[in-house]
Structures are given as C-alpha cells and as structure tokens.
Amino acid sequence: MTPLAARASELDTPALLIDLDIMERNLGRVAGYAQEHGLRLRPHTKTHKIPALARRQLDLGAVGLTVAKVGEAEVMLDAAPPDLLVAYPTIGARKLERLMQVARKTQVTVALDSLTAAQQLSDASRSHQIEIGVLTEVDVGLGRVGVAPGRDLLDLIEAVERLPNLRWEGIAFYPGQIKKLDGEGERELEKLAHVIEAMLQDLGRAGFKARIVSGGSTPTLFHSHRLEGVTEIRPGTYIFNDCNTVLSGAADWQDCAASILVTVVSTAKKGQMIVDGGSKTFSSDRPTAGEEVSFGRVVEAPEAVFTKMNEEHGFIALGEPRKNFEVGDRVRIIPNHICVAMNLHECVYGIRGDVVEQVWRVEGRGKLQ
Ligand SMILES: Cc1ncc(COP(=O)(O)O)c(C=O)c1O
C-alpha cells in the first residue's frame, strides 16, 4: 500500500480522494430524507466497498446493508450489519454454501426471480437449518432481472411460500431505467408509481402482504416518497456522487465527494494534455445522459473534455479559454461512474482540505464471486 502522506498534495498519483466534508454531508442528507419520509434505508455498498463506511451508514440510521455478490457480503460482515440483503441472483452450491456461513453471523435476505434460485436457496438453508428471508424481484422497466408483475410474480411468491426454510418478506425492484428526472424521467416515475400500486393491489387480492417493498436508486432517490407502497430504498452512489449523478439531476458538482488526483505527464501535442490515469484508473464508463462523451470532469478546468483513454493514458482536450498545464501539474478528475472506479483502487484517501485524515483499503474490490 502507498505509505500515508500527511498532505493530499504530497500523495503519489493516481490517487482516489474522498472529500470527507462532502461525503458526510451526502450521508447526512440522505439519512435525513429517509427519516423524514419513514423510509428504511438499506444502502448498496457496491459504491464504496469499504466496511468502515458501511458502519457510518448504519450509525446514521440505515437498517441494514445491500450487496450484490456473496464475496461482498463476507467483507461487509466487518461492519456488523444487523441485516444484509443480497440483491443479486445467487446461483450455485459453492456460493450458497458461503452465504450460509454469512447467515450464521447475521440476518440474510436474498432477492431472486426464479424457481431455480428459490429451490437452491431452500436446499442450502435446509441443510444448514437456517431460515433465509426472500424478496421476489420484479422487473419494473429495466428489463434486466425480475419477473413481470402479475401472474408470474404471484406464481413465484406461492413457490417461495411453499419451500422450506424460506420466509417471503416482500418485493425488490430496481428502477435503473430512470437515468434523469427530466420530462421523460418524470413520466417514467409516474408509470413506475402505477406499476407498484397495481402490483400491490394484485398481491392484496391474492392474500399476500409484502412487509418490505424495496427499490430506490440514486437518480430517483429524492422522489422515493412519491412511490406509494415503497418501504425501503437502496441507493449506493449517493455517498460520493459522480458525473452521472450530476447528469441525472440528483446532485450538483459540489456534492461530488470523490475525485481522482492525476499528474500531467505530457503536453507534447498542442491543445491536449495526457494524465497518468486511463481505463485502469477511471473505468471506461461513458456518461449515461447528455450528448457529450467525456470520461470525467476536470475540477481545475471544467471546460476541458476527457476524450479518450488507453490503459494508463488519459487524453484531455483543453477547451477555450485554454488553461495551460505543465508536465508535473496535478489535477483532480471526477469519474463518470464512481462504483467501478472504486473497484480499481487498492486504497482511497479521505481528505479534509489538504490533510489526509484516513486511508481506507477498498476491502470489497474484486469480489466478483
Ligand atoms: C439492485 C440494485 N440496487 C440498488 C442499486 C444502487 O443504485 P445507485 O447506484 O443508483 O445508487 C443498484 C445499482 O446498480 C442495483 O443494481
């Protein structure tokens, strides 16, 4: 690991910096919003991947944590969560065996959308004499995972109810199709509200009462209270925010806590600078909204466009009015998608002003299984 430097300005680059004042404001704002609207907050830890930050979320009132992979669940046990939701289909005996070990240490809930997943989970929990909570996943428009609301959903719930050692708790959905709360996003949100309302009525008629209705992404975050029947939200990105969150309208540039400090390594080509971070440092995620393709925002030169990346080279086209950078200068760049950028860094630096207060290992990086 990079040795701790007391000053951000002395850190070697590339280095992922977390502005602690901004991060703490983001955490407080969302904890306050959830409390104000009586929504349970179960943050997705895929963004930070750091148990110490998950612990902060729990200390601020989060009811539990969300992960995608079992490996992330294992890491997040260090945050001592009262409850862990695995919001990803967990398939295969090896993973389920590891999940049962996690479930010996804390309450586990799994979101699933198939009879196969439910059957495998039931078999594993029965052999370990553990009861596992289940959220049946519903597709509300993203077309990724989730059964269609209606007959498919009712069939899946009935199957889960019949399987031993499973406890049906309710519904999970992810409104990832809503990227920006503009006119079209607003219409999508209204459509989503109707889908949820109709689905809960269907469940009621069939005699099912969902104790948990879990949804929520960062772009839709502050509109969650408009979705009647939702009890729980699972935003992840809100802790840091990124270019895509700003494009979604859910945050401003001053709410972006994470940036990557890079060094200018070449200015040989006129009107361009090369920095020492490319796709290995930032990830190749493109903006999810807007016309312009830039791989990040240069804090010191917002008019510049991060046009292209090789593994270790970031190509920055300097806009007008052109600011001149010299080889050796350092700039901070806000990435498009911070969750994937976190996965690329061994450790990150929590700073206040120029003081490095914290160095966190990204314990949950690379946990693909
Ligand atoms: C299932 C699920 N829940 C919650 C989230 C968190 O959403 P966001 O990254 O917008 O905060 C994600 C993000 O990909 C997700 O896949």
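For the structure, check the block above.
Worth saying up front: this structure is predicted, and the values here are computed from it rather than measured.

Undergrad: What is the right way to look at the overall build of the protein in this model?
TA: Looking only at helices and strands, the protein has 10 helices and 17 strands in total. A compact globule built from 369 residues should have a C-alpha radius of gyration of about 21 Å, and the protein, at 22 Å, falls within 12% of that. Oriented by its inertia axes, the alpha-carbon framework of the protein measures out at about 70 × 45 × 35 Å. Restricting the contact set of the protein to residue pairs at least 6 apart, pairs at least 24 apart contribute 68%. A total of about 16,000 Å² of accessible surface is found on the protein, and carbon and sulfur atoms cover 47% of it.

Undergrad: Explain the pairing of strand β1 (residues 15-19) here, please?
TA: Regular strands have side chains that alternate between both faces of the sheet. Among the five residues of β1, four are classified as buried, and the element is accordingly described as predominantly covered. Across four bridges, β1 lies against strand β16 (residues 347-352) in parallel orientation. Each residue of the ladder has a partner; that of L17, found in β16, is Y349.

Undergrad: Which parts of the structure should I look at to understand the pairing of β16?
TA: β16 sits mainly inside the fold: five of its six residues count as buried. Bridging between β16 and strand β17 (residues 355-361) involves six bridges; their strand directions are antiparallel. By the bridge assignment, Y349 is partnered in β17 with V359. Counted along the chain from β16 to the antiparallel partner β17, the turn is two residues long, and its residue G353 has a positive phi close to 60°.

Undergrad: Would you take a moment to explain the site of the ligand for this structure?
TA: The environment of the ligand is made up of H44, K46, R144, Y174, S217, T218, P219, R234, P235, G236 and T237. One of the side-chain nitrogen or oxygen atoms of R234 is found 3.1 Å away from a nitrogen atom of the ligand. The contact in question runs from an oxygen atom of the ligand to an N or O atom on the backbone of G236, over 2.6 Å. Looking at side-chain class alone, the shell around the ligand contains three nonpolar, five polar and three charged residues.

Thresholds applied
Residues numbered from 1 in each chain as written. Predicted model: local features only at pLDDT ≥ 70, side-chain atom pairs only at ≥ 80, totals over all residues. Heavy atoms only, no water. Helix = DSSP H or I, 4+ residues; strand = E, 2+ residues; numbered from the N terminus. Rg over C-alpha atoms; globule rule 2.2 N^0.38 Å. Contact = heavy atoms within 4.5 Å. Areas by Shrake-Rupley, 256 points an atom, 1.4 Å probe, with all protein chains shown as cover. Buried < 20%, exposed > 50% of the residue type's maximum accessible area, 1.4 Å probe, protein only. Pairing = 2+ DSSP bridges. Near = heavy atom within 4 Å. Polar contact = N/O pair within 3.5 Å; in protein donor to acceptor, adjacent residues only side chain to side chain. Nonpolar A, V, L, I, M, F, W, Y, C, P; charged D, E, K, R; others polar.

Keep in mind these values describe shape, not function.
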